[in-house]
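Each chain, letter by letter, is given below.
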Amino acid sequence: MSLPGSGSGLAGGPGSPKVYVKVPASTANLGPGFDALGMALDLYAWIEMGIASTTEIRLYGDQMNGVPTDKSNLVYKVAQQVFDKAGIAHPELDIAMYSDIPLTRGLGSSASAIVGALVAANALIGNKLSPHELFQMASALEKHPDNVGASLFGGLTIAFWDGERAEYLRIVPEDRLDVLVAIPRFQLSTEKARHVLPEQVPMKDAVFNIGHASLLVAAFCSGRYDMIRHAMKDALHQPYRAPLIPGMSDILERAEEHGALGVALSGAGPTLLALVDGKEGRGAELERFLLDTLRDRGIEADTMWLKPCAEGAAVLSHFDPNVPLIDNVKGNVRT
Ligand code: HSE
C-alpha cells in the first residue's frame, strides 16, 4: 500500500485511503500457561481507520456500549503510538469499530482493540513497522503476551514477555478441536482478577505448572489430545480466582466427566472455556452441565461454540469505503 502522505506528516480529508482490519478474539492462559499460552478464536472485531481533518470515532454493536468515542479511546491512543514510533506526525483519525467480542469477560476484547489499532495504523503508513515490532508494542501495552500474540498471529501462541522483549512460536490446532465457552452475564476486569493473585507462589506450584504447561504444548504439537485432560490443570491463578466466579471450581473438577477434553478459566475470566473433540458428540451434555452448574450458584451465562482461528489480524481489501463499516461487516457478524 502506498503512503497516503509524505515526509513526517500524513494527508487527510476526503479521498484519503481507509484501511480495514479484522481481528480475532482470544483465550489466554489455557489452564497452566499463565501469561504464556493464547489461542485465537473465530469471534471477531473489525476496525476501519482513515486520516481525517477532525477526529471522529463511531462504534457499532452491543459490545461497544460504554466505550469512549473521544481521544481517550484505546484504538485512537494505540494508533498514535504507531505514528510516534514510525516518526510520523500525529494525525487526526476517522475510526469505526464493530465487535462481536464480549467486553471484559476473558475473551481478549482489549487485546483485539490494541492489535486491531496497531495493524490498522501500521497499514495506513505503509507497514513501516514489522510484525515483531507490533508484537513488542502490544505486549508492553497489555503487560502480558498471551491474548495479543494470539490475536496478532492466530493459532495457539506460546509466548513470553520479560518486561522488555516478547518472543513467540505458533502452532495451529487440528480441525477436530471445538471450543465451548460459557460467558457469565457479569463483567470482571483483568485488573481486579490480577489483584487477587499472590506476589509469590510455592516452588511446588511453579513446578506443577511447568510440567503441565509443557505437556499441554506437547499434546497440541503431537496431536495427543487425550493428554489435554491431564495437562490442562493450573496452580498459579485459577485457585485464587475461583472465588470470583461462583460455580467455577465445580466446573473445573467435573467438566471432563461430561465430555470436555479439558477446561479452564478463559484469561482472567469470568468466561469458562472447554476444549472438545468434535468427533465425540457430547457437546449438548457439556453445554447443559456448564449452564446448570453456574445457574445453581446464581450465575446466568450464555454459551457459544467457537473454533480456534488459524489466522491473526488481517488487513481486508474487499470492503467498500463508500458505505458505513456496519454495512461492510453485515453477513459476517454473529449478532
Ligand atoms: N494472562 C492474563 C491473566 C490474561 O490471566 O491475567 C488476562 O488478560
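The shown structure was predicted, so the numbers you read here are calculated from the model rather than taken from an experiment.

### A short note on the layout of surface pockets
Summary: where empty space remains is shown by rolling a probe the size of a single water molecule over the atoms. Computed from the structure, the largest pocket encloses a volume of approximately 860 Å³. Residue lining of the largest pocket: 39 residues in total, with Ser109, Ser110, Ala111, Glu142 and Thr190 positioned closest to the centre. Those elements giving two or more residues to the lining of the largest pocket turn out to be α1 (74–85), β4 (92–99), α2 (109–124), α3 (131–142), α4 (146–153) and α5 (190–195). Of the residues belonging to the lining of the largest pocket, the class tally is 16 nonpolar, 15 polar and eight charged. Each of domain 1 (10–171 + 309–329) and domain 2 (177–306) accounts for three or more of the residues forming the lining of the largest pocket.

### Thoughts on the nonpolar core
Within the largest apolar cluster, 69 residues are counted, with the highest numbers of intra-cluster contacts made by Leu30, Met49, Leu93, Phe220, Ile228 and Leu275. For this core, the element with the highest residue contribution is α2, accounting for eleven residues. Structurally, this core is a two-domain feature, drawing no fewer than three residues from each of domain 1 (10–171 + 309–329) and domain 2 (177–306). Setting aside residues no more than four positions away along its own chain, Phe220 makes contact with Leu30, Leu156, Ile171, Pro173, Leu177, Tyr225, Ile228 and Leu275. In this structure, Ala182, Ala242, Ala268 and Val276 belong to the second largest nonpolar core, which totals 23 residues.

The rules behind the values
The written sequence of each chain sets the order in which its residues are numbered from 1. Only residues with pLDDT of 70 or above have their local features reported here, since the model is predicted, and side-chain atom pairs are shown and tallied only from 80 upward, although totals for entire chains, interfaces and linings are computed over all residues. Side-chain measures were taken over the full set of non-hydrogen atoms in the model, leaving aside hydrogen atoms and water. Each cavity reported here is a set of points on a 1 Å grid over the protein atoms alone in which a 1.4 Å probe fits but cannot get out, each pocket an open set with protein on both sides within 12 Å along at least five of seven lines, and each lining residue one with an atom within 4 Å of a point. Grid points are joined across faces, edges and corners, and a volume is the space filled by probe spheres set on the points. In this description a helix means any DSSP run of H or I spanning at least four residues, a strand means any run of E spanning at least two, and both kinds are numbered starting from the N terminus. Residues are grouped as follows: nonpolar covers Ala, Val, Leu, Ile, Met, Phe, Trp, Tyr, Cys and Pro; charged covers Asp, Glu, Lys and Arg; every other residue, Gly included, is treated as polar. An automatic or database domain assignment is the source of the domain bounds shown. Only buried residues count toward a nonpolar core. Its members are Ala, Val, Leu, Ile, Met, Phe, Trp, Tyr and Cys residues joined through side-chain atoms within 4.5 Å. Here's how the labels work: a residue is buried when its accessible area is under 20% of the maximum for its type, exposed when over 50%, partly exposed in between, all with a 1.4 Å probe on protein chains only. Contacts are assigned to residue pairs with any non-hydrogen atoms lying within 4.5 Å of each other.

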